[in-house]
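Spelled out, the chains give:
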Amino acid sequence: MEWQTVIIGSGVAAAAVASKLLDRDPGHALLLLEAGPRVPSKDRRLWWDFVLSGRSAYDHCHDLPLPGDGNTETENESTGSTPWTFRESRMMGVGGSTYHWGGWALRFKDEDFKLFSRTGRGADWPISYDDLEPYYCQAEALLGVSGEDPHRWNRRSREYPLPAFKQTAADGPMIQAFEQLGIAYASMPVARFRKCMTTGTCKYCPLGARFVAAYLLDALVESRRHPNLALQPRRVAAELVFDRKDRVIGARVLNTSTGESRSVFAERFVICAGSYESAKLLLRSRNSHWQNGAGNDAGLVGRHIISHPFLYVQGRSRDNPQRLQQELDFPTLMSRQFDTSREQAGGKLFLFRDRSKPRIDLAGRMIAGRSRQEIDAELTGPTLWELQGFMEEFANPNNRIELGQGLNRLGLPQTRIHFARAEGFEQTSAERLRVMQEVIRAMGLEVGESGVQPQRGDHAASTCRMARDRQDGVVDEHLRVHGIGNLHVCSNAVFPSGAAVNPTLTVTALALRLGEHLAS
Amino acid sequence: MHLGARSADVLPERLLESAPGELSTAELAPLWELFAEIGQAWGDGSLDPRRQRSHWLEFIDVRTRTEPSYLAEYRSAVLVLDELRQQHGPQMWHELFFGSVRTEAPTTRRGHLRRYVVEEFIKVWLTSGGFKAFGAGNYNSYVSGSRFAVKQPYRLAARVTSTHQ
């Protein structure tokens, strides 16, 4: 065999699995294939370009934006009754979506692993919180998470590796409202290394102070300890090749720089390509052994797709005498008060203050010729505030990802998503919005615009979900595809449920666990 | 030459093309003056522009030495600034920031000065500390210092306790 392990993808899951394999065996023959390009990091020119134009260095690695204001994507299709937005929901390049992620790093809770048993909805995980807890600790250390848990929302064997960011002055009015309503709150746990200078350009950090998987991969590749490690960008895994039903021997790989196609062979394959591409690669791998796609005899690959409905409530204050502005590029105030077993049956709610309000675009005002006095008046005048929340979503087998027609501009096959919100969603989301409106009123504000944003794919999950029984899921508790001994999937795709919080810390913990399992 | 003749030169709307290079000290001087005048127009007098100079110089260096280079754009700006000075005297800054030049499309040398120099310098002025004149403690793209410093690099909530309920 050419390689001991081939990992498809180069995001946080790929980096975590790779680091574990190489920790145990520095000489491990390991190849990582990334469909997208490499993006230069910590580049001063690219950073200045971002500061001045707002255009990131990796815009070309996103799905193409929507034409006009419709919901028709040019590279993807959304066919269900609820439109699915792909725009900027993932990053296709070395480092994956950690290139653009916000760094919010929250653990799932005990009850999230027992969703079906507790509510009769969704699915249980074949592992428990306690199984994952040691890996959550490792994941927090790897990502450099700053946090606090004064309410013990999670059972922890180790404290956060870095202290929480203190709440900003602009958090003040909402903190007072939370306290008035008896809502417990804490600082948002975020992946920001010690060298963070609160530069506020987290989407392209000039210091490398927010975890990006590319940094870790580059360090691994550049290390002399790893002579048999290779990372190849612009390589699309077109399909997996089998010599018998239970064994993958290779992958047919398209080099999108040259147009050449060749096969790579390995003893083991790990697909770490996110919820979309992991499922799509399995679906594309049709052959005499797997006529519906690899691991898809039960027809579950691509089904059960979920994300997080995004709720928001705005309120406007009459004035802002302290000139409060959002001074960081990430939130420092959140609440898991409604992310508990009590709310689970209706869909948990995770609350956080908007990271971009209140904010006056000072540069825009100056460029428009506004005088200092005019800007001062605006800064101390009526001000817009916003409370936001993620709501838990329940999987439905009819919600699914499928193969689209043709290729996107990076050479990846296109994506089709069929999605509809669950029956009763309007009522439960309205109940959750009422809770949020109470907070806005307690701030002394009049409730303004509120609702549910169009469904986005940022936290897409469950397309290859984990289950002990092959009739219930695509991979087993060790993330091995049912029926295929040497093929694993590690991404949000394997989540049986999505809880109410961001998935990255959990997928990192799963990847570290998988890496350890494979290395042993 | 008729006053302002060079300023009215018709140019393509896009950034002027040039190979990467370095501005001379004489070329840097009027550009620095422009930057400092932004602080005069919008600042509150508390920020000495010399404290922003290293930040500004790094910006100029990166913008001229890497592609696409702003070298030709900055040299063009020096010409226009000189003509504006002859035309308007000390009023030139008001004309540039609040007057008719502000709305000029980037299809003339003067319009290029506005779009590719003044507007970008305004953003650099804000991100290098100018925002403090408006009362904030931190600002996107301002390198504010370690969060572990004794004084936090942003304004804190008035009431923060270790446990809340």
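Residues numbered from 1 in each chain as written. Chains lettered and ligands numbered in written order. Predicted model: local features only at pLDDT ≥ 70, side-chain atom pairs only at ≥ 80, totals over all residues. Heavy atoms only, no water.

For chain A, the count of helices and strands is eleven helices and 18 strands. Projected onto its principal axes, the C-alpha coordinates of chain A cover approximately 70 × 55 × 45 Å. For chain A, the proportion of its 520 residues judged to be buried stands at 62%. Within chain A, contacts between residues at least 6 apart in sequence are counted, and of these 74% link residues at least 24 apart. Summed over all atoms, the accessible surface of chain A reaches about 18600 Å², with 45% contributed by carbon and sulfur. Mean positive and mean negative side-chain charge positions of chain A (64 and 61 charges, respectively) differ by 3 Å. (Helix = DSSP H or I, 4+ residues; strand = E, 2+ residues; numbered from the N terminus. Buried < 20%, exposed > 50% of the residue type's maximum accessible area, 1.4 Å probe, protein only. Contact = heavy atoms within 4.5 Å. Areas by Shrake-Rupley, 256 points an atom, 1.4 Å probe, with all protein chains shown as cover. Lys, Arg positive; Asp, Glu negative; His and termini not counted. Charge placed at Lys NZ, Arg CZ, Asp CG, Glu CD.)

From N to C terminus, chain B includes five helices and zero strands. Reading chain B from its N end, one meets helices and strands in the order α-α-α-α-α. Structurally, chain B occupies a C-alpha span of about 70 × 35 × 30 Å along its principal axes. Within chain B, the proportion of its 165 residues that are buried is 51%. Counting only carbon and sulfur atoms, one obtains 51% of the accessible surface of chain B, whose full area is about 7900 Å². Charged side chains of chain B number 20 positive and 19 negative; the gap between the two group centres comes to 9 Å.

Turning next to the confidence of the model for chain B. Parts of the prediction with low pLDDT should not have their coordinates interpreted in detail. All names here are of chain B. Within chain B, residue pLDDT values average 92, and 93% of them lie at 70 or more. Confidence drops under pLDDT 50 across residues 161–165; counting only partners more than four residues distant or on other chains, this segment forms eleven contacts. Interface confidence in the predicted complex, given as ipTM, is 0.93; pTM for the same model is 0.95. (pLDDT = per-residue confidence, 0-100.)

Along helix α2 (residues 44–53) of chain A, the positions that sit buried rather than exposed are R45(A), W47(A), W48(A), F50(A), V51(A) and L52(A). Of the surrounding secondary structure, the elements contacted by the buried residues of α2(A) are α2 (53–65) and α5 (109–127) of chain B. Immediately beyond the C-terminal end of α2(A), within one or two residues, lies G54(A), with a positive phi of roughly 80 degrees.

So, about unusual backbone geometry. Comment: phi is negative for the bulk of residues other than glycine, and the bulk of peptide bonds are trans. In this structure, P358(A) follows K357(A) across a cis peptide bond, with omega equal to -5 degrees. Within the element layout of this structure, P358(A) appears in the loop between β13 (349–353) and α8 (362–367). Here E67(B) and P68(B) are connected by a cis peptide whose omega angle stands at -10 degrees. Among the structural elements, P68(B) can be located in the loop between α2 and α3 (71–88).

What follows concerns the packing of α2(A) against α5(B). Working note: a packed helix pair is described by the angle between its axes plus the distance between those axes. Running from N to C, α2(A) and α5(B) cross one another at 100 degrees; their axes reach a closest spacing of 10 Å. As judged from the angle between their axes, α2(A) and α5(B) are roughly perpendicular. Of the residues in α5(B), those touching α2(A) at W48(A), V51(A) and L52(A) are E120(B), K123(B), V124(B) and T127(B). In terms of residue class, the contact of α2(A) with α5(B) is built from four nonpolar, one polar and two charged. (Axes fitted to C-alpha atoms, helices over the stretch in contact; angles between N-to-C directions. Parallel < 35°, antiparallel > 145°, perpendicular 65-115°, else oblique. Nonpolar A, V, L, I, M, F, W, Y, C, P; charged D, E, K, R; others polar.)

On the chain A side, the residues contacting the 55 residues of chain B number 55 residues. Summing both partners gives a buried area of about 4600 Å² for chain B against chain A, and 57% of it is carried by carbon and sulfur. Inspection of the chain B/chain A interface yields three salt bridges. The partner of R44(A) in a salt bridge is E58(B), with the nearest N and O atoms 2.7 Å apart. Between the two partners, chain B and chain A, sit 29 residue pairs in polar contact (both at pLDDT 80 or more). (Buried area = accessible area lost by both parts, 1.4 Å probe. Salt bridge = Lys/Arg side-chain N within 4 Å of Asp/Glu carboxyl O. Polar contact = N/O pair within 3.5 Å; in protein donor to acceptor, adjacent residues only side chain to side chain.)

Residue and element names in this part refer to chain A. Mapped onto the secondary structure, S497 falls in the loop between β18 (487–489) and α11 (504–519). As for S497 and K114, which are separated by 383 residues in sequence, their C-alpha atoms are 9.2 Å apart. Among all residues touching S497, those that are not within four sequence positions of it are F108, D112, L115, A123, W125, I306 and S462. Among the polar contacts made by the side chain of S497, one reaches the main-chain carbonyl oxygen of D112 at a distance of 3.2 Å.

To continue, consider the sheet that holds strand β15 (residues 400–407) of chain A. Within a sheet, adjacent strands bond to each other through the backbone by hydrogen bonds, running parallel or antiparallel. All names here are of chain A. Read across the open sheet, the three strands follow the order β3-β16-β15; overall the sheet is mixed. Two strands close off the open sheet at either side, each with one partner strand: β3 (76–78) and β15. Pairwise comparison of adjacent strand axes, ignoring direction, gives a mean angle of 20 degrees for this sheet. Of the strand pairs in this sheet, β3 and strand β16 (residues 413–418) are connected by three bridges, and their pairing is parallel. Note on β16: the bridge partner recorded for E77 is R416. (Pairing = 2+ DSSP bridges.)

Residues and elements named next belong to chain A. Overall, mixed pairing links the three strands, which are arranged β5-β4-β6 in an open sheet. Of all the strands in the sheet, the pair left with one neighbour each is β5 (162–163) and β6 (190–191). In this structure, strand β4 (residues 145–147) lies alongside β6, joined through two bridges in antiparallel fashion. In the strand pairing of β6, S146 is matched with V190.

So, on to the packing of helix α1 (residues 12–24) of chain A against helix α6 (residues 213–222) of chain A. Residue and element names in this part refer to chain A. One can describe the packing of α1 onto α6 by two numbers: an axis separation of 9 Å at closest approach and a directional angle of 30 degrees. Classified by the angle their axes make, α1 and α6 are roughly parallel. Crossing of α1 over α6 shows left-handed handedness. Where α1 abuts α6, its residues V12, A15, A18, S19 and L22 lie against A213, L216, L217 and L220. Residue classes in the contact of α1 with α6 are distributed as eight nonpolar, one polar and no charged. (Left-handed = near helix turned anticlockwise from the far one by under 90°.)

Below, the discussion takes up the pattern of salt bridges. For side chains of opposite charge, pairing can occur when their charged atoms come near one another. Residue and element names in this part refer to chain A. With the rule as written, the count across this model stands at 49 salt bridges over all chains. Residues D130 and R155 are paired through a salt bridge, measuring 2.6 Å at the closest nitrogen-oxygen approach. With D130 in helix α4 (residues 129–143) and R155 in the loop between β4 and β5, this pair connects stretches of sequence that are 25 residues apart. Here R155 falls in the partly exposed class, since its relative accessible area comes to 41%. A salt bridge links K357 to E386, with the shortest nitrogen-to-oxygen separation between them at 2.8 Å. On the criterion of sequence distance, the pair formed by K357 in the loop between β13 and α8 and E386 in strand β14 (residues 383–391) is long-range, its members being 29 residues apart. E386 shares its class with K357; the two are buried. Within this structure, E111, D112, R336, D339 and K348 form a network of salt bridges that share partners.

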